[in-house]
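Descriptive structure summary
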Amino acid sequence: MEDDEYKNLKTSDIIAEALIDWNIDVVFGLPGDGINGFIEALRIRQNKIKFVLVRHEESASLMACAYAKYTGKIGVCVSTSGPGAIHLLNGLYDAKADNVPVVAITGSTFSDIMNSGFLQDIKLLQLFSDVASYNTMINVPEQAEMAVDLACRTALSRKGVSHINIPIDVQEKKLKGNYSRHKIPGHTSDIFDSFALPDKRLIEKAANALNKGNKIVILVGQGALHASQEVISVAEKLNAPIIKSLLGKAVAPDDHPLSLGGIGMLGTDPSSDAMKEADTLLMIGTSFPYMEYLPKPGQATGIQIDAKPERIGLRYPIEIGLVGDSKIVLSELLPLLNNRNSENHYNSNKENYKKEDIFHRRLEFLQSMQKSMKKWNEIINEQSNRSDNPIKPQVIANAVSEELEDNAIVSVDSGNNTVWAARFLKMKSGMKFSVSGTLATMACGLPYSIAAKIAYPDRQSVAFVGDGGLTMLMGEFATAVQYKLPIKVIVLKNNLLGMIRWEQMAFLGNPEYAVEFTPIDYAKFAEACGGKGFTIKKTEEVNLIIKTAMKEEKDDKVPTIIEAYIDPFELPLPPKINMEFPNKIAKSFERGQPYTKEIEKALSMDHIQERYYNLKSLLKKK
């Protein structure tokens, strides 16, 4: 019972013990006077809970988010009151936006001077009210265990953020058993069970709809990462191509014959074509936000599987919504699907087997998309092997992809680097991949890779980042040095906010402004921190240096930065170009865009001439 278990323990100790009961063994954070009581509770339990000291609280929350993404467990971050707690918000919004369970624990000033304008006195419950599904302040020790249980259970059930705030003095108070008359010691539980299945009739209805589909497309996201085999089995049975949102990149290997790669601005030509032709859309564990890349409403029968009921029908008009864990739902759905190679079907229809047959139409659709994918891969291969200088970012991404181990964990930042990672880093079965998907915050790549290495010490952890994002939380490289984490950080160096340049020009028709930085020597920075640094300046150096730098010796506990000088004028063009883009770029040229000759040269050097014909001809005319 609670009274027996925690009698005379401080609030901080009760919280730490409750976290241990939830199998939490890693906490990311930074101490401070507002939270030092709880830090002491962690210190005396360091054999049970590892505390990872970060250089900035934003990194703590990003690491907690990544830890939850890569392990499926609860990520936990800790900060002091006031500014420390404020710094957590960005990473917590990342967790909220991407639906992963994170618990944030913050300190506050003394109870009797709270809300009086005292030092670092912030109304944290109000501040965290939007980001946190569960948001509470612990006022007495008797409340502590219940608060932790609720925080953890809510984070898991709602796949989001919980926040616990503890005043300084409350952290030090001991449990005396002074319960209210309604409080029964030992009433709370550290139990969570997420098993849930939709009504069997709904699953049958979904199976019937899929069995009738002629051109079925499967769109997968983060919610399908743990159901890779089930997704592939369903796709094989239906002869349906698989399209992956960015967070679902690791659901199916990129070289799988049913994979059409990504979707949207970062996606492929075949995925766009498949969506335009689809008459049935099966969405699994995804809330892909760019609706314009999905079939037009009314074009396709929509079927969606999602763990969150409120997500059903959010992006596309759904006829059948299946609420539940994707792995479990797909396992129930699979036996009800007609097999593409059904012997009975073919034996009974050998003489009358016609082109109109549903199985044949599916196969034709799939083969058409596979043919397009073959052409796309030829384009990707050509872009990956350019020999011109300055170095094309595609060449770097491809070289990194070649050195990824079979169970590598790849963490990507937000910016142009995301485009190159999405298209040129090839996922194999067993790999993990993530990025700040919905929030798309910069600076996530390095903290994510640190969390991945802590979660899986024996697996290769790679951060693929741009110099803009890296410099925001660059101090965390020293964290990797401190904890002897041999992560590999590949930084695309162009001294530029490349995606912002592109958005200013191609989306708004404005000349670029305030996007250039003075250079930093990242290799020297790595060495100054106690790590390793490599520099790539010429295309002919790429493969050898990346191969050397990516090697991880068994006893090597040193993180590495590989800085690659890339062409700052390489534009991250979408797979399909409508006339809006060249019109806007031409407008930016007319309005004073600098570097027009360099940008035109970069376009003229592109080997895939037909893709940019309209863009180049219009710019020339302008």
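This section reports on the structure supplied with the text. (Residues numbered from 1 in each chain as written. Predicted model: local features only at pLDDT ≥ 70, side-chain atom pairs only at ≥ 80, totals over all residues. Heavy atoms only, no water.)

Next up on the list: the sheet that holds strand β13 (residues 409-412). Across the sheet, which stays open at both edges, the 6 strands sit in the order β14-β13-β15-β16-β18-β17 with parallel pairing between neighbours. One side of each edge strand has no neighbouring strand; the edge strands of this open sheet are β14 (432-435) and β17 (532-536). Between one strand and the next, the sheet's axes are offset by a mean angle of 15°, whatever the strand orientation. Looking at chain direction, β13 and β14 are connected through 4 bridges and run parallel. Counted as the bridge partner of Val410 is Phe433 from β14. Sheet contacts for helix α15 (residues 393-402): β15 (461-466), β16 (488-493) and β18 (560-565); angle to β16, the most-contacted strand, approximately 170°. Its contacts with the sheet place helix α16 (residues 416-424) against β13, β14, β15 and β16, and it is angled at close to 135° to β15. (Pairing = 2+ DSSP bridges. Helix = DSSP H or I, 4+ residues; strand = E, 2+ residues; numbered from the N terminus. Axes fitted to C-alpha atoms, helices over the stretch in contact; angles between N-to-C directions. Contact = heavy atoms within 4.5 Å.)

Attention shifts here to unusual backbone geometry. Cis geometry is found at the peptide bond from Asn389 to Pro390, where omega equals 0°. Structurally, Pro390 is set in the loop between α14 (358-384) and α15. Even without glycine at this site, Gln120 takes up a positive phi of about 55°. Looking at the secondary structure, you find Gln120 in the loop between β4 (102-108) and α6 (124-127). With a phi angle near 55°, Lys484 is a residue other than glycine that sits in the positive phi range. Mapped onto the fold, Lys484 is located in the loop between α19 (476-482) and β16.

This model, assessed by the stated rule, comprises 22 salt bridges. Arg386 is the partner of Glu570 in a salt bridge, and the nearest nitrogen-oxygen pair spans 3.2 Å. With Glu570 in the loop between β18 and α23 (580-590) and Arg386 in the loop between α14 and α15, this residue pair connects regions lying 184 residues apart in the sequence. With its nearest N and O atoms 3.3 Å apart, the salt bridge here joins Lys493 to Glu563. A residue pair is termed long-range when its members are at least 10 positions apart, and Lys493 in strand β16 and Glu563 in strand β18 qualify at 70 residues. Sharing partners across several salt bridges, the network here consists of Arg386, Lys392, Asp567 and Glu570. (Salt bridge = Lys/Arg side-chain N within 4 Å of Asp/Glu carboxyl O.)

Spatial strand order, β9-β8-β7-β10-β11-β12: 6 strands in an open sheet with parallel pairing. Only two strands of the sheet have a single neighbouring strand rather than two, namely β9 (259-262) and β12 (320-323). Across the sheet, the mean angle separating the axes of adjacent strands is 15° when strand polarity is ignored. Where strand β7 (residues 216-220) lies against strand β8 (residues 242-244), 3 bridges are found, and the strand directions are parallel. Bridge pairing in β8 links Leu219 to Ile243. Strands in contact with helix α10 (residues 228-238) are β7, β8 and β10 (280-284); relative to β7, the strand with the most contacts, it is inclined by about 170°. Sheet contacts for α14: β7 and β9; angle to β9, the most-contacted strand, approximately 50°.

Here the focus is the nonpolar core. Leu219, Ile396, Val400, Phe464 and Ile546 are the most contacted members of the largest nonpolar core, which has 66 residues in total. Excluding residues within four positions of it along the chain, Phe464 makes contact with Ala397, Val400, Ser411, Val412, Asp413, Asn417, Trp420, Ala421, Leu425, Ile490 and Leu492. Listed in part, the 52 residues of the second largest apolar core include Ala60, Met63, Tyr70 and Phe477. (Core = buried A, V, L, I, M, F, W, Y, C linked by side-chain atoms within 4.5 Å. Buried < 20%, exposed > 50% of the residue type's maximum accessible area, 1.4 Å probe, protein only.)

Listed in full, the buried residues belonging to helix α11 (residues 269-277) are Asp269, Pro270, Ser271, Ser272, Ala274 and Met275. In this structure, the buried side of α11 is in contact with β7, β8, β9, β10 and α14.

On to the packing of α11 against α14, then. Packed helices, taken two at a time, are described by the angle their axes make and the gap between the axes. The interhelical angle for the contact between α11 and α14, taken along N-to-C directions, is 155°, at an axis separation of 8 Å. With respect to α14, the axis of α11 lies roughly antiparallel. Along this stretch, α11 crosses α14, giving a crossing that reads as right-handed. For the pair formed by α11 and α14, the contact residues are Asp269, Pro270, Asp273, Ala274 and Glu277 on the first element and Phe365, Met369, Ser372, Met373 and Trp376 on the second. Across the contact of α11 with α14, the residue classes break down as 6 nonpolar, 1 polar and 3 charged. (Parallel < 35°, antiparallel > 145°, perpendicular 65-115°, else oblique. Left-handed = near helix turned anticlockwise from the far one by under 90°. Nonpolar A, V, L, I, M, F, W, Y, C, P; charged D, E, K, R; others polar.)

Judged by how many residues are buried, strand β6 (residues 161-167) sits mostly within the fold: 7 of 7 residues are covered. Residues of β6 alternate between two faces, with Val161, His163, Asn165 and Pro167 on one and Ser162, Ile164 and Ile166 on the opposite face, all of them buried. Here β4 runs beside β6; their pairing, made up of 7 bridges, is parallel. The residue of β6 that forms the bridge with Val102 is Val161. The β-α-β motif built from strand β5 (residues 132-137), the intervening helix α7 (residues 144-158) and the parallel element β6 has right-handed crossover chirality. (Right-handed = clockwise from strand over helix to strand, strands pointing away.)

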